[in-house]
Amino acid sequence: LAKTTQPISMDSYEGQEVNITCSHNNIATNDYITWYQQFPSQGPRFIIQGYKTKVTNEVASLFIPADRKSSTLSLPRVSLSDTAVYYCLVDKNQGGKLIFGQGTELSVKP
Amino acid sequence: SAVISQKPSRDICQRGTSLTIQCQVDSQVTMMFWYRQQPGQSLTLIATANQGSEATYESGFVIDKFPISRPNLTFSTLTVSNMSPEDSSIYLCSVYGGRETYDTEAFFGQGTRLTVV
């Protein structure tokens, strides 16, 4: 499974757009990119998944360049409740085991 | 989607004892996954539990320390045996719930926060 690298932490203020970039240089042709969010004392929660270009849902957008060696999770207009750890994962999207990297701890301040 | 119920939500245990964690899913799933999250760390997969066969353990985890049962397609248990303070972690159960043919999403329980004293 491809290894991912993300910033350990990020700070932001309410109302700002937050972009978290993940590097996955060894991504395979059949790998998908998935982001999870984890609040304290809770299990991770799926945010978004993509294969290439751009994916958008009600929570976030995921930007994937043509070479797929990186991806950027974009959170529009963050609020205090978006303070959490965000994990970028790369996997075959076949319902198998997940390998979590260190994640990015996002702190949103008023 | 899948709803996962984990029990207990937390426990404080004496070293040398064992704790069994239960994971109940509201739908039938082929595989169930057990993760460990040590304080301030990311999640690490312990094992994959398949119904009708022995669990598959990841490197660094052994059946004697973390025996797993999978009696049916909606239930699994993880036992943390002969506990030491180093076993103090959050233990999480996870399953997949397919939404679309090209899109799968893992669901996690709330976790069991274990403290060994």
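All of these numbers come straight from a predicted model, not from anything done at the bench. (Residues numbered from 1 in each chain as written. Chains lettered and ligands numbered in written order. Predicted model: local features only at pLDDT ≥ 70, side-chain atom pairs only at ≥ 80, totals over all residues. Heavy atoms only, no water.)

## Side note on the sheet that holds strand E6 (residues 61-64) of chain A
Residues and elements named next belong to chain A. Taken in spatial order, the four strands of this open sheet run E2-E7-E6-E5, and their pairing is antiparallel. Of all strands in the sheet, those bounded by a partner on one side alone are strand E2 (18-23) and strand E5 (53-56). Mean inter-strand twist for the sheet, computed between neighbouring axes without regard to direction, equals 15°. Sheet topology note: the E6/strand E7 (residues 70-75) ladder contains three bridges and is antiparallel. Counterpart to Ser61 in the pairing with E7 is Ser74. (Pairing = 2+ DSSP bridges. Helix = DSSP H or I, 4+ residues; strand = E, 2+ residues; numbered from the N terminus. Axes fitted to C-alpha atoms, helices over the stretch in contact; angles between N-to-C directions.)

## With respect to the state of the cysteines
With the rule as written, the count across this model stands at two disulfides over all chains. The partner cysteine of Cys22 of chain A in its disulfide is Cys88 of chain A, sulfur to sulfur 2.2 Å. Classification of the bridge connecting Cys22 of chain A and Cys88 of chain A rests on its S-S torsion, roughly -80°, and on that basis the disulfide is left-handed. Here the residue Cys22 of chain A occupies a position in strand E2, and Cys88 of chain A occupies one in strand E8 (residues 84-91), the gap between them amounting to 66 residues. Like Cys88 of chain A, Cys22 of chain A is buried. Covalent S-S linkage joins Cys23 of chain B and Cys93 of chain B, the inter-sulfur distance amounting to 1.9 Å. Handedness here is read from the sign of the S-S torsion; for Cys23 of chain B and Cys93 of chain B, about -70°, the answer is left-handed. Remark: Cys93 of chain B occurs in strand E9 (residues 89-100) and Cys23 of chain B occurs in strand E3 (residues 19-25); sequence separation between them is 70 residues. Residue Cys23 of chain B is classed as buried on the basis of its relative accessible area of 0%. Given a relative accessible area of 0%, Cys93 of chain B falls into the buried group. (Disulfide = S-S within 2.5 Å. Buried < 20%, exposed > 50% of the residue type's maximum accessible area, 1.4 Å probe, protein only.)

## As for the pattern of salt bridges
Opposite charge on two side chains lets them pair, provided their charged atoms get close. Residues and elements named next belong to chain A. Under the defined criterion, the tally for this structure stands at three salt bridges over all chains. We note a salt bridge from Asp11 to Lys109, for which the minimum N-O separation is 3.7 Å. Linking Asp11 in strand E1 (residues 9-13) with Lys109 in strand E9 (residues 104-109), this pair joins segments that are 98 residues apart in sequence. Classification of Asp11 as exposed rests on a relative accessible area of 55%. (Salt bridge = Lys/Arg side-chain N within 4 Å of Asp/Glu carboxyl O.)

## A word on the pairing of strand E11 (residues 112-116) of chain B
Residues and elements named next belong to chain B. Only one face of E11 is covered, namely the one carrying Thr112, Leu114 and Val116; the face carrying Arg113 and Thr115 has none of its residues buried. As defined by bridge partners, strand E2 (residues 10-13) adjoins E11 across four bridges and the pair is classed as parallel. Across the sheet, the residue bridging to Ile12 is Thr115, located in E11.

## Notes on empty space enclosed by the protein
Scanning the model with the defined rule gives one cavity of 30 Å³ or more in all. If you add up the space inside the largest cavity, you get close to 30 Å³. Taken together, Thr34, Tyr36, Gln49, Asp91, Asn93 and Leu98 of chain A together with Tyr96 and Thr104 of chain B make up the full set of residues lining the largest cavity. Looking at the lining of the largest cavity residue by residue, the classes come out as three nonpolar, four polar and one charged. (1 Å grid on protein atoms, 1.4 Å probe; cavity = no way out; pocket = protein on both sides within 12 Å on 5 of 7 lines; lining within 4 Å. Points joined across faces, edges and corners; volume = space filled by probe spheres on them. Nonpolar A, V, L, I, M, F, W, Y, C, P; charged D, E, K, R; others polar.)

By themselves these figures say nothing about function.
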